[in-house]
Structure formats: structure tokens, C-alpha cells
Amino acid sequence: MAKTRPGKRDLESYTIRGTNKVVRGFGSFGDSVLMRSAENEKAPYVARVESIEADVKGNVKVRVRWYYRPEESMGGRRQFHGIKELFLSDHYDVQSAHTIEDKCIVHTFKNYTKLEDVGPEDYFCRFEYKAATGGFTPDRVAVYCKCEMPYNPDDLMVQCEACKDWYHPGCLNMTIEQAKQLDSFMCYECSSIDGKRPHNKSSASGLANGKVENKRQKR
Ligand SMILES: [Zn+2]
Ligand SMILES: [Zn+2]
């Protein structure tokens, strides 16, 4: 019964056509949904429903905040981006509720990495994205391995027992199968210097050491 603007009604929820799935718009706690893209063959758009309203004729509109896929961002998809990774953009829009195809779940990065099974409805988000500038928040993340890359949850990594850093099998000249068979692992630096010398990565990275240290954050 809430009346905000003449002729328009705020709705608490919307039931996706042909389903019994109920979508709620509730600001930053709103449901995440998949929306049909204009070009049909493209993957559906993903959005968070901020609010829902109906006009006098009963047409239901949703105010959404778009999630961008890595390939839709200015910098494009990078090696550390997960297959199910999304960026929460600052791009808002109003769309017909009819374009909603299904609900989905956008997990925090931490919760996503704890999922036992990743279903088609599961996504994750660790960055906010400014559509106008291509900027990310946070603009620094922890990096791992000799290759100094942020963690891609789709990639298998092995952890060194001594320094606790994580490594890609490929960066250790190891196959995934070999890595899976390891009972324990110690990286080359730790095993060759009895773990006492501070970690030295100068041989592994083309980056200047200072720069590498700046990128690395405490976990
Ligand atoms: Zn690596
Ligand atoms: Zn180590």
C-alpha cells in the first residue's frame, strides 16, 4: 500500500514469469538476477535488484545495479579472473521486469572459495568497478606464487609449508596431476636454504623487487 509517486507503486517482490521464483528489491540486500541480453546469443546480464515498482498500467520495472563480467570491463579479462567472477559496477539502470530470466547468487570471494560445488547459479564478486574510469576498488589485492598474481579460484594451487605462499603447479614445472599427488610441499627457496633466509623472489619475477613488495599485502 506504500505510495511514493503519483501513479507508481513500490512493490516488495516480483515473481519471475513462468516460475515460482520470487525476486526482492532491497537496496544492497536485493536479490541478484540474470537478465536477457539484447543480443540473444550473449551470456545473460547479471544485476542486483535495488527496487521494484509498478506503473498505473501494471507494468513492472526494476531498478538494478549492474554487475560487469571481466570481458565487459575496460581492462578486459585477465589471467587471474575467475570464470564466475563479476564486478559490482556503479552503473544503475531501470529495466522491464520481464527481462529477468532467473535468480542467481553472487557470493563474497571468501564464501565462493569455500563452496563444495559451484552450480550454474553461483558467482562471486571481490571488486567494485567504476564504469566511467575502469577503476577498481580495492585497487590492491594480495598476490601469490612466483608469478605474483592475485588468486584465481579456478586454478589449483599448492601451499608451501614453510613460507605459506601459494604456487601454481605450472610455475613450478609440475603438472596438475603431480601437484594433486603431493602430500606436502616446500618451495624451492624454502627447501634450499633451510627456511631461514628471508624469501627472495628476485630471480622469479621481471618486476623490480620494491614494486613487488608494494603489491604484496598482508593476508
Ligand atoms: Zn604462478
Ligand atoms: Zn616457501
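Residues numbered from 1 in each chain as written. Chains lettered and ligands numbered in written order. Predicted model: local features only at pLDDT ≥ 70, side-chain atom pairs only at ≥ 80, totals over all residues.

**A few points about the overall build of the protein chain**
Okay, so step 1: Within the protein chain, the regular secondary structure consists of 4 helices and 13 strands.
Okay, so step 2: The buried share of the protein chain, taken over its 219 residues, is 22%.
Okay, so step 3: Of the contacts made within the protein chain by residues no fewer than 6 positions apart, 53% connect residues no fewer than 24 positions apart. (Helix = DSSP H or I, 4+ residues; strand = E, 2+ residues; numbered from the N terminus. Buried ≥ 20, exposed ≤ 12 C-beta atoms within 10 Å, placed from the backbone. Contact = placed C-beta atoms within 7 Å.)

**A closer look at the confidence of the model for the protein chain**
Okay, so step 1: In the predicted model, the protein chain carries a mean pLDDT of 86, and 85% of its residues have values of at least 70.
Okay, so step 2: Across the protein chain, element-level confidence peaks in strand S10 (residues 122-130) with a mean pLDDT of 98 and bottoms out in helix H4 (residues 209-215) with 31.
Okay, so step 3: In the model, residues 200-219 has pLDDT below 50 throughout and makes 20 contacts with residues more than four positions away in sequence or in other chains. (pLDDT = per-residue confidence, 0-100.)

**Things to note about the nonpolar core**
Okay, so step 1: Judged by nonpolar contacts, the single largest core of 28 residues is most densely connected at Val33, Val46, Ala47, Tyr67, Leu86, Phe87 and Cys125.
Okay, so step 2: Residue assignment for this core shows that the elements contributing at least two residues are strand S5 (32-35), strand S6 (45-54), strand S7 (60-68), strand S8 (85-96), strand S9 (100-108) and S10.
Okay, so step 3: Each residue touching Tyr67, except ones within four places of it in the same chain, is listed here: Val46, Ala47, Arg48, Leu86, Phe87, Leu88, Ser89, Val106 and Cys125. (Core = buried A, V, L, I, M, F, W, Y, C linked by C-beta atoms within 7 Å.)

**Overview of unusual backbone geometry**
Okay, so step 1: The peptide bond linking Thr137 to Pro138 adopts the cis configuration, its omega dihedral lying at -5 degrees.
Okay, so step 2: Structurally, the position occupied by Pro138 is in the loop between strand S11 (135-137) and strand S12 (158-159).
Okay, so step 3: Residue Cys145 is not a glycine yet carries a positive backbone phi of 70 degrees.
Okay, so step 4: Summarising the element assignment, Cys145 is placed in the loop between S11 and S12.

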